[in-house]
Amino acid sequence: MTGNESITVGADLNNPGGLGTVQEIGLYVAADESNLGDGEPIATTVVDMAPEGVDNPIDQPHETTVTFKIDANTISAGDYHVGVVSQDDSASDELTVLGSNFVIAGLNAPANVEQGESFDVNATITNTGNLEDRQTVEYRIDGVERTTNVTLSANESMTVEFDDIESDRLDAGTYEHGVFSEDDSATVNITVLEGFFDVEITDATSEASVGETVNVTATVENTGEATDEQAVTYDLVPNKVNLAVVDDLNDTESRALVDRLDSSLPDRYNITLVTTDDLMDEIDSYDTFVVNEFDESDVFVQDFVDATDGPDTGVVYLDQWGSFGGSEAIVELSGATGDPESTDDGSNGDDPYLQIETDHPVFSGVGESGDQVALFAGSGPEHSWHNDYSGQTLAGVGQGSDIKGPAIAVNETSSTVLADSLGQTSYLPSGYSAGANQILANVIEHVSGFTPTGTALSTVDDTTETVTLDPGESTTVEFTDTVPDGTDISIDYRHLVGSENDEDFAPITIDVDRGAVEGAVTATRPATLSMVQLSKSPSKRPTGATPPPPMKMVRTASRTSPKERTT
């Protein structure tokens, strides 16, 4: 029979003994007849048989016939013996299954590969069946497949090769990979080795004025397991912003809000969850606040407003439908201050959206005036809004064709934003959309005094050098740069030198005084970069190598709404 057929095997049984018996009868298939009855049968049936001479046995005959059905696709192609076996006896016959059977052997693959390098894999495919066939043979690693078609006659073999398999998409680690036919597979492990460039600033200008030159020296060491080439970058960046996420409890919702902000804000934010029990004692430790819920008295809320009022401290108040386990900071703000005058929410009807009413940086990367932004990634009706706020309304919240009321509003004087319908609650049936999360991140950036997240944020362009290091090798990189005119000196800055794996910082104070400057300073000139090879691995670098040409640095400041900061 062939692989898409089935056969019926029958056997006649009788009970020659003097007693009735109940037995399990099994069907066995084996390449060697002597193995029939060993292991597990491929099918069984139970019979109850009376001895010879019993008058009118009901359902207990002295003689009977049992039948079994065999599907060829459950057995590989080849010659077999098929047997029916009882506890006392057996009977057998021969069976030939026609078909192909592509067996994989001799898998050859490297045990290790450096990330970014390509590698080859090959294996021997043998058709142990008795028919010629054509099959698709696959190579697989970490969800990636490459295929080739193979045609083999009975007992024919060939080697299949998969060349130039790329490893640049694989993170460092060990992966199972291999070759697969329709009948068989062979796999082995491969370890992807990766370079890791540690960065340490060893010397840096500590004070400079706008227009003056700064010098930074850093050591870069490859502590990984593979030779690697990476871009090492110098930049002048704003200091970290201490951001407090305020909620009444340290619970699932508040931690989810922290995770939400951590995934959408740039890494200059130190995000800390602060409960209202500790808020007033720690208020001077933070530059920006995102308030999900107070669950405190009107006096407490008013004290917080008084302590954070003014352009030097950014505050974002959140709200969303629901009370217990909810987000009600704008409701509580309204109750304590009367600004906004009133609030409302809803949890029925169509999926809500934010309707952008005016172009503003908080909508950067999301939309412009007249656009609608879905609140949720999935479906859900929850939303909230406010009325009669002293600040400027930027967006409303709506369902269908109905705009319920203002949802996003800003008070530039006090660096405050009301962000209705974006609060974190336990009631939300779906996560927020990418657009909604981007708006919230932009809002936080705005009240913190920066341009929207995802746009250029540093005050100078990157200075970059490509560095190649073997494992254990290190080099010194020296940067010379000029603090650009127009740099916002109200912000505290720091030097940053970073590789793809690591970064290091050093403080710098920038002012407008063009007098004496502490630290290493040279005459103003176009930014240049040079590399000095350490003696640790001198054989890895050619002597007398030509240094890279000077780089003309064009700098633009990108921060908006500057604010005084003490960090």
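Structure shown above.
Residues numbered from 1 in each chain as written. Predicted model: local features only at pLDDT ≥ 70, side-chain atom pairs only at ≥ 80, totals over all residues. Heavy atoms only, no water.

## Some thoughts on the overall build of the protein chain
Part 1 of the reasoning: Helix and strand content of the protein chain: five helices and 34 strands.
Part 2 of the reasoning: In the protein chain, buried positions account for 47% of the 567 residues.
Part 3 of the reasoning: Taking all contacts inside the protein chain whose residues are at least 6 apart in sequence as the whole, residues at least 24 apart take part in 71%. (Helix = DSSP H or I, 4+ residues; strand = E, 2+ residues; numbered from the N terminus. Buried < 20%, exposed > 50% of the residue type's maximum accessible area, 1.4 Å probe, protein only. Contact = heavy atoms within 4.5 Å.)

## Remarks on the pairing of strand β30 (residues 463-469)
Part 1 of the reasoning: Here β30 shows a clear split, with T463, E465, V467 and L469 buried on one side and none of T464, T466 and T468 buried on the other.
Part 2 of the reasoning: Pairing geometry for strand β18 (residues 228-238) and β30, over seven bridges, is antiparallel. Note that in β30 the partner of Y234 across the bridge is T463. (Pairing = 2+ DSSP bridges.)

## Quick notes on the pattern of salt bridges
Part 1 of the reasoning: Throughout the structure, instances matching the rule amount to three salt bridges.
Part 2 of the reasoning: When the shortest N-O distance is used, the salt bridge between E138 and R140 registers 2.7 Å.
Part 3 of the reasoning: The closest approach of N and O atoms between R140 and E145, which form a salt bridge, is 4.0 Å.
Part 4 of the reasoning: Looking at R140, the relative accessible area reads 33%, which means it is partly exposed.
Part 5 of the reasoning: Taken together, the salt bridges that share partners define one network made up of E138, R140 and E145. (Salt bridge = Lys/Arg side-chain N within 4 Å of Asp/Glu carboxyl O.)

## What to know about the sheet that holds strand β24 (residues 352-356)
Part 1 of the reasoning: The nine strands are arranged β20-β19-β21-β22-β29-β28-β27-β24-β25 in an open sheet whose pairing can be described as mixed. Only two strands of the sheet have a single partner each, and these edge strands are β20 (269-275) and β25 (372-374). The mean angle between the axes of side-by-side strands here comes to 25°, regardless of whether they run parallel or antiparallel.
Part 2 of the reasoning: Sheet topology places strand β28 (residues 402-411) next to strand β29 (residues 416-420); four bridges connect them, and they run antiparallel. For I408, the partnering residue across the bridge sits in β29 and is A419.
Part 3 of the reasoning: Running over the sheet, helix α3 (residues 298-308) touches β21 (288-291) and β22 (314-319) and is turned about 145° from β22. (Axes fitted to C-alpha atoms, helices over the stretch in contact; angles between N-to-C directions.)

## Quick notes on the packing of aromatic side chains
Part 1 of the reasoning: The final tally for this structure, using the stated rule, is 10 aromatic pairs.
Part 2 of the reasoning: One aromatic cluster is present, built from ring pairs that chain together Y286, F289, F294, F300, F304 and Y317.
Part 3 of the reasoning: The residue whose ring lies beneath R140 is F180, and the NZ or CZ to ring-centre distance is 4.0 Å.
Part 4 of the reasoning: Above the plane of the ring of F505 lies R494, whose end atom (NZ or CZ) is 3.6 Å from the centre. (Phe/Tyr/Trp six-rings, centres within 6.5 Å; stacked < 30°, edge-to-face > 60°. Lys NZ or Arg CZ within 6 Å of the ring centre and 35° of its normal.)

## Topic: the sheet that holds strand β14 (residues 185-193)
Part 1 of the reasoning: With mixed pairing, five strands are arranged side by side in an open sheet as β8-β14-β13-β10-β11. Either end of the sheet is taken by a strand with one partner, and the two such strands are β8 (112-114) and β11 (144-152). When the angles between neighbouring strand axes are averaged without regard to direction, this sheet yields 25°.

## A word on helix α1 (residues 252-264)
Part 1 of the reasoning: For α1, with 13 residues, the first-to-last C-alpha span of 19 Å sits near the 18 Å given by 1.5 Å per residue.
Part 2 of the reasoning: Burial in α1 covers these residues: E253, S254, L257, V258, R260 and L261. One side of α1 carries all its buried residues, which in axial view fall inside an arc of 160°. Opposite its buried face, α1 presents the exposed residues T252, D259, D262 and S263, each directed more than 90 degrees away.
Part 3 of the reasoning: Looking at the buried side of α1, the elements it contacts are β19 (241-247), β20, β21, β22 and α5 (434-448). (Expected span 1.5 Å × (residues − 1). Arc of directions from axis to C-beta.)

## As for a negative patch on the surface
Part 1 of the reasoning: On the surface, D120, E161, D163, D164, E166 and D168 cluster together to form a negatively charged patch.
Part 2 of the reasoning: Per-element tally for the negative patch: the top contributor is strand β12 (residues 157-166), with four residues.
Part 3 of the reasoning: With respect to the element layout, E166 can be found in strand β12.
Part 4 of the reasoning: The class for E166 is partly exposed, based on a relative accessible area of 44%. (Patch = residues over 30% accessible without salt bridge, like charges linked within 9 Å, V, L, I, M, F, W, Y side chains within 5 Å. Areas by Shrake-Rupley, 256 points an atom, 1.4 Å probe, with all protein chains shown as cover. Lys, Arg positive; Asp, Glu negative; His and termini not counted. Charge placed at Lys NZ, Arg CZ, Asp CG, Glu CD.)

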